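In case you want the letters, here they are:
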Amino acid sequence: MKQSKYLFPSDYMADPSVHVFEGKIYIYPSHDRESGIEENDNGDHFDMNDYHVFSLDDVENGEITDHGVVLSVKDIPWSGRQLWDCDVAFKNGKYYMYFPLKDKNDIFRIGVAVSDKPYGPFIPEKHPMLGSYSIDPCIFEENGRHYMYFGGIWGGQLQRYRNNKALESAVIPNDYELAIPSKVVLLSDDMLEFGEEPKDVLILDENGNPLLHGDKHRFFEASWMHKYNSKYYFSYSTGDTHLICYATGDNPYGPFTFQGEILTPVVGWTTHHSIVEFKGKWYLFFHDSVPSEGKTWLRSMKVIELEYDNDGKIKTIEGLEE
Ligand code: FUB
């Protein structure tokens, strides 16, 4: 499958988080819509208010199933606005959906909603996760332990925190200061809270120095973790430089050494992805704004095969900006 393909042309879906549950591919995207809110650096125009779930038996030839609305802003007791990129994990017969949403004070928190099925509906907890902040939760499971990676700068509000504490005012570093890192945290046994204090996800260059804020490959948002040949691959979006990049490490906490670009810029401001193995092949799920003719808040989800070379390097996918 060398060509990318759109997965659901009849509606705008973005930020696809993908897992294999019960032998099928399940896709958990954001549900973009036209709300009429003007575009700004805060991302107010990403004004989504529900999630759908999709499934596929076969990535290349299967028909996609839309399982309909599985969670809505109106059903979340602590809701303010903006349901951004979510993810889902499985433990002991239950599925847990993790979602970022602004609370009534316009602060992003991460919430949990629970279901007996991978396709929902998901019932939200009464409160956001204690101590949670920022956006883009993704869950990586290994040996029954679930790690959440999260965070995003600018509209994702990560620059408002240091050492997991809110600052009096947001601080974006200058270009020669250290980049603001993504966060990783082990979840509690019951999957409903953080099981420890979140830690920084350090991305180092080839000399072992942490990437600086002015580096076009530094972390911005859209964390994802997968494992390939015993290595841990942390991938992410660089936001305002519009790349999907990755770095590898020897354990889920890192540090991770920068390796390269997975996807060069697509049409639309944001780029956001997930990586999954299914039936012996690896796939990159992502989005672009080609069908909406470049409206960055109206994105469409896509998939393309991902390839590694013999050293485990991911081959860069380029030329999709058309
Ligand atoms: O979909 C809203 C936001 O746009 C996501 O949370 C970010 O990762 C970016 O894709």
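Above this text you will find the structure in question.
Keep in mind the model is a prediction, meaning the values are calculated, not measured.

### Describing the site of the ligand
- The environment of the ligand is made up of Asp15, Ser30, Met48, Trp84, Asp85, Asp136, Glu221, Thr270, His272, His287 and Arg299.
- A distance of 2.7 Å separates an oxygen atom of the ligand from a polar side-chain atom of histidine 272.
- A distance of 2.7 Å separates an oxygen atom of the ligand from a polar atom in the side chain of arginine 299.
- Relative to its unbound accessible surface of 280 Å², the ligand loses 99% to contact with the protein.
- Among the residues making up the shell around the ligand, the classes are represented as 2 nonpolar, 4 polar and 5 charged.

### Observations concerning the pattern of salt bridges
- Evaluated as defined, the whole model comprises 19 salt bridges.
- Residues lysine 183 and aspartate 200 are paired through a salt bridge, measuring 2.5 Å at the closest nitrogen-oxygen approach. Here lysine 183 is found in strand S14 (residues 182-186), whereas its partner aspartate 200 is found in strand S15 (residues 199-201), with 17 residues between them in sequence.
- The partly exposed category is assigned to aspartate 200, whose relative accessible area is 39%.
- For the salt bridge of lysine 281 with glutamate 305, the shortest nitrogen-to-oxygen distance reads 3.7 Å. Of the two residues, lysine 281 is situated in strand S22 (residues 281-288) and glutamate 305 in strand S23 (residues 300-306); the sequence distance between them amounts to 24 residues.
- In the salt-bridge network here, residues are joined through shared partners; they are Asp44, Arg81, Lys102 and Asp106.

### As for the state of the cysteines
- In the structure shown here, the tally under the stated rule is 0 disulfides.
- In this model cysteine 138 remains outside any disulfide bridge; the closest cysteine sulfur is found in cysteine 86, 11 Å from its own.
- Judged by relative accessible area, which is 1%, cysteine 138 ranks as buried.
- No disulfide involves cysteine 245; its sulfur sits 16 Å from that of cysteine 138, the nearest cysteine.

### Quick word on the environment of leucine 167
- Mapped onto the fold, leucine 167 is located in the loop between strand S13 (165-166) and S14.
- We classify leucine 167 as partly exposed; its relative accessible area is 29%.
- Separated by 65 residues in sequence, leucine 167 and lysine 102 place their C-alpha atoms 18 Å apart.
- Leucine 167 has contacts with Gln159, Arg160, Tyr161 and Arg162, leaving out every residue within four places of it along the chain.

### Thoughts on the side chain of lysine 102
- Structurally, the position occupied by lysine 102 is in strand S7 (residues 94-102).
- A polar contact is formed between the side chain of lysine 102 and the side chain of glutamine 82, at a distance of 2.6 Å.

### Looking at a nonpolar patch on the surface
- On the surface, a cluster of nonpolar side chains totalling about 360 Å² of accessible area is made up of Tyr176, Leu178 and Leu212.
- Among the secondary structure elements, leucine 178 is positioned in the loop between S13 and S14.

### Observations regarding the nonpolar core
- Tyr98, Met148, Tyr149, Phe234, Leu284 and Leu306 are the most contacted members of the largest nonpolar core, which has 58 residues in total.
- Among residues more than four places away in sequence, those in contact with tyrosine 98 are Cys86, Asp87, Ala89, Ile110, Gly111, Val112, Met129, Pro137, Ile139, Met148, Leu187 and Met191.
- In terms of nonpolar packing, the next biggest core, distinct from the first, is built from 19 residues, Tyr28, Tyr51, Ile76 and Tyr95 among them.

Criteria and cut-off values
- Residues numbered from 1 in each chain as written.
- Predicted model: local features only at pLDDT ≥ 70, side-chain atom pairs only at ≥ 80, totals over all residues.
- Heavy atoms only, no water.
- Near = heavy atom within 4 Å.
- Polar contact = N/O pair within 3.5 Å; in protein donor to acceptor, adjacent residues only side chain to side chain.
- Areas by Shrake-Rupley, 256 points an atom, 1.4 Å probe, with all protein chains shown as cover.
- Nonpolar A, V, L, I, M, F, W, Y, C, P; charged D, E, K, R; others polar.
- Salt bridge = Lys/Arg side-chain N within 4 Å of Asp/Glu carboxyl O.
- Helix = DSSP H or I, 4+ residues; strand = E, 2+ residues; numbered from the N terminus.
- Buried < 20%, exposed > 50% of the residue type's maximum accessible area, 1.4 Å probe, protein only.
- Disulfide = S-S within 2.5 Å.
- Contact = heavy atoms within 4.5 Å.
- Patch = residues over 30% accessible without salt bridge, like charges linked within 9 Å, V, L, I, M, F, W, Y side chains within 5 Å.
- Core = buried A, V, L, I, M, F, W, Y, C linked by side-chain atoms within 4.5 Å.

Functional significance is not addressed by these values, which are geometric in nature.
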